[in-house]
Amino acid sequence: IITKLYIRKNMVKMKIRKCLLILISLTFFVQCGSNKKERFELAEKKLKEKWDRESYLEFMDAGIYYSDFGYLDYLPYSYIMANRFNDGRACNDIASGIIALYSRYNLKLDSTATSQVIFYLEKGANLGDDKCKDFLYYLFTRGGTPRTKLVEVDSVRANRYKKIPDEISRDTTKCKDN
């Protein structure tokens with residue numbers, strides 16, 4: 001009888017521990033979710049106050065980890081940063097966002113959307129954004145993304161955005177001197 005009571009007591013203790021563990025983990029996950037939302041809201045507020053590159057990158061970073069963050073949430077801010085403050089990263093985000101929106105709804109990019117994508121990628125490349133340069137090189141060498149054809153293959157335009165490693169460019173300058 002004593003062993004049965006001892007076993008029952010231990011079973012009750014184990015159930016209580018499991019319940020407490022589940023309660024603590026649920027509290028932790030709920031708290032993490034609210035922290036993500038708070039972080040996103042704080043980053044958005046900071047961006048609206050400062051309108052600088054650091055605030056924009058912080059806003060985008062916070063948005064990536066916040067699950068309800070979508071293209072429609074960041075595109076207005078990207079347009080402001082790209083057009084008003086000439087931010088190359090924002091230009092890349094606009095182009096990526098346009099392509100993602102069209103492919104999300106299985107729509108074919110029309111000429112207006114395609115010209116907007118190329119315009120913002122070229123603007124970002126002129127501002128020195130490497131992602132825009134890489135995207136343009138990929139775009140003009142392959143004609144588009146795997147899902148959509150955006151432009152005709154143009155090797156002359158593609159070479160404008162081709163990266164040349166430092167070693168190769170140094171070697172060609174030596175050849176010119178000799």
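Structure first, text after, so check above.
Along each chain, residues carry numbers from 1 onward, in the same order as the chain's sequence is written. Given that the model is predicted, a residue must reach a pLDDT of at least 70 before its local features are reported, and side-chain atom pairs must reach 80 or more before they are shown or counted; all residues, however, enter totals for whole chains, interfaces and linings. Side-chain calculation: all heavy atoms of the structure are included, whereas hydrogens and water are not.

Colleague: Outline the packing of aromatic side chains, supporting the account with residue identities and numerical values.
Modeller: Ring pairs are drawn from Phe, Tyr and Trp, using the six-membered ring of Trp, whenever the two centres fall within 6.5 Å, and their geometry is named by plane angle: stacked under 30 degrees, edge-to-face over 60, tilted for the rest. On inspection of all chains with the given rule, the structure shows seven aromatic pairs. Aromatic pair tyrosine 79 and tyrosine 120: ring centres 5.6 Å apart, planes at 85 degrees, arrangement edge-to-face. Of this pair, tyrosine 79 sits in helix H3 (residues 71-84) while tyrosine 120 is found in helix H5 (residues 111-126), placing the two residues 41 residues apart along the sequence. Burial here depends on accessible area, computed with a 1.4 Å probe over protein chains only, as a share of the maximum for the residue type. Under 20% is buried, over 50% is exposed, and the range in between is partly exposed. Since its relative accessible area comes to 4%, tyrosine 120 is described here as buried. Numbered from the N terminus, helices here are DSSP runs of H or I no shorter than four residues, and strands are runs of E no shorter than two.

Colleague: Could you give me a rundown of the nonpolar core, with the residues and numbers involved?
Modeller: For the purposes of this section, nonpolar cores are sets of buried Ala, Val, Leu, Ile, Met, Phe, Trp, Tyr and Cys residues that join through side-chain atoms within 4.5 Å. Counting residues in hydrophobic clusters, the biggest one holds 37 residues, and the most contacted among them are Phe59, Phe69, Val117, Leu121, Leu136 and Leu139. Secondary structure elements with two or more residues in this core: helix H1 (2-50), helix H2 (53-65), H3, helix H4 (88-104), H5 and helix H6 (130-142). Counting residues per element, this core draws most heavily on H4, at seven residues. In what follows, a contact means two residues having at least one pair of non-hydrogen atoms within 4.5 Å. The contact partners of phenylalanine 59, leaving out residues within four places of it in the chain, are Phe40, Ala43, Glu44, Leu47, Phe69, Asp73, Tyr74 and Tyr77.

Colleague: Could you give an account of the packing of H5 against H6, with specific residues and numbers?
Modeller: Helix-helix packing is characterised by the crossing angle of the two axes and by the distance between the axes. Contact pair H5 / H6: the axes reach a minimum separation of 8 Å and the direction vectors enclose 130 degrees. Here H5 lies oblique to H6, going by the angle between them. Regarding H5 and H6, the two cross each other, and that crossing is left-handed. Listed contacts from H6 to Ile118, Tyr120, Leu121, Glu122, Gly124 and Ala125 of H5 are Cys132, Lys133, Phe135, Leu136, Leu139 and Phe140. Residue composition of the contact of H5 with H6, grouped by class: nine nonpolar, one polar and two charged. Only the stretch in contact is used when fitting a helix axis, every axis being a line fitted to C-alpha atoms; angles between N-to-C directions are given from 0 to 180 degrees. Angles below 35 degrees are treated as roughly parallel, those above 145 as roughly antiparallel, those between 65 and 115 as roughly perpendicular, and all remaining angles as oblique. We call a crossing left-handed when the near helix sits turned anticlockwise from the far one by less than a right angle, and right-handed when that turn is clockwise. For this scheme, ten residues count as nonpolar: Ala, Val, Leu, Ile, Met, Phe, Trp, Tyr, Cys and Pro. Four count as charged, namely Asp, Glu, Lys and Arg, and the remainder, Gly too, count as polar.

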